[in-house]
Amino acid sequence: MPERLDIIFSALADPTRREILSMLLEDDMAVTDVAEPFRMSLAAVSKHLQVLAEAGLITQEKRGRVKWCKLEPDALKAASVWMQGFGHFEPVNLDAFERFLARELDDPGETPERPSLS
C-alpha cells in the first residue's frame, strides 16, 4: 500500500496532471481534446497521461482511431483515506496538501503547532 500511495502522490504532484484530472471529472475525453488547453506538445501531454495511467488514476482506451481518457475516481480513495487520518485535511484537498508540504519543505526547522491549510 505505501508504494501505491507513492505512485499516486507522485502523479498528483504536477499541476498539469491535476488539471487533467479536473477536466476528466466532466466526461471522458479524447487525448487531443485533453491537450488543447495546454501550451505544450501533444507528446508532452501524452507523457502526463501515461503517468496518470500508471498511477491508476485514469484509463486509456482506443476507440477507432481515437484514444480516449477516462477518470478512475476510486483510485484516489486510498490517498483520501490516508490524508483523512491526519485530521487536518479535507478529503482530496490536494491543493491545500501541496501548500502545506511547500511550507514544510521551505523551512524544515520550523514546526508550527497546527498549520493553516486555507
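A brief look at the structure comes next.

On to the overall build of the chain, then. When you go through the chain residue by residue, the secondary structure sums to six helices and three strands. From first element to last, N terminus to C terminus, the chain shows the α and β order α-α-β-α-α-β-β-α-α. A total of 118 residues make up the chain; the buried ones form 33% of that total. In the chain, the proportion of contacts linking residues at least 24 apart, taken out of those at least 6 apart, comes to 47%. When the accessible surface of the chain is split by element, carbon and sulfur atoms take 52% of a total near 7,800 Å².

Another point: the sheet that holds strand β2 (residues 58-63). Within a sheet, each strand pairs with its neighbour through backbone hydrogen bonds, oriented either parallel or antiparallel. Read from one edge to the other, the open sheet built from three strands follows the order β1-β3-β2, with strand pairing classed as antiparallel. Two strands bound the open sheet, and with one partner strand each, they are β1 (29-30) and β2. Alignment of β2 against strand β3 (residues 66-71), held across six bridges, turns out to be antiparallel. Residue pairing in the sheet places E61 in a bridge with W68 of β3. The sheet contacts of helix α2 (residues 15-26) involve β1, β2 and β3, and relative to β3 the element is tilted by about 90 degrees. Helix α4 (residues 42-54) rests against β2 and β3 of the sheet, and its axis sits at about 120 degrees to β2.

Once that is clear, we can look at helix α6 (residues 94-106). The first and last C-alpha atoms of α6 sit 18 Å apart over 13 residues, in line with the 18 Å expected at 1.5 Å per residue. Within α6 the residues assigned to the buried category are L94, A96, F97 and F100. Along the long axis of α6, the arc covered by the buried residues comes to 155 degrees, so they all point the same way. Exposed residues on α6 whose side chains face more than 90 degrees from its buried face are L105 and D106. In this fold, the buried residues of α6 make contact with α1 (2-12), α2 and α5 (77-84).

By size, the foremost hydrophobic cluster in this structure holds 29 residues, and its most contacted members are L24, V34, L49 and L57. Listed by contribution, the elements that provide at least two residues to this core are α1, α2, α3 (31-35), α4, β3, α5 and α6. Broken down by element, this core gets its largest block of residues, five residues, from α1. If sequence neighbours within four positions are ignored, L24 has contacts with M29, V34, I58, C69 and L71.

Cut-off values and rules
Residues numbered from 1 in each chain as written. Predicted model: local features only at pLDDT ≥ 70, side-chain atom pairs only at ≥ 80, totals over all residues. Heavy atoms only, no water. Helix = DSSP H or I, 4+ residues; strand = E, 2+ residues; numbered from the N terminus. Buried < 20%, exposed > 50% of the residue type's maximum accessible area, 1.4 Å probe, protein only. Contact = heavy atoms within 4.5 Å. Areas by Shrake-Rupley, 256 points an atom, 1.4 Å probe, with all protein chains shown as cover. Pairing = 2+ DSSP bridges. Axes fitted to C-alpha atoms, helices over the stretch in contact; angles between N-to-C directions. Expected span 1.5 Å × (residues − 1). Arc of directions from axis to C-beta. Core = buried A, V, L, I, M, F, W, Y, C linked by side-chain atoms within 4.5 Å.

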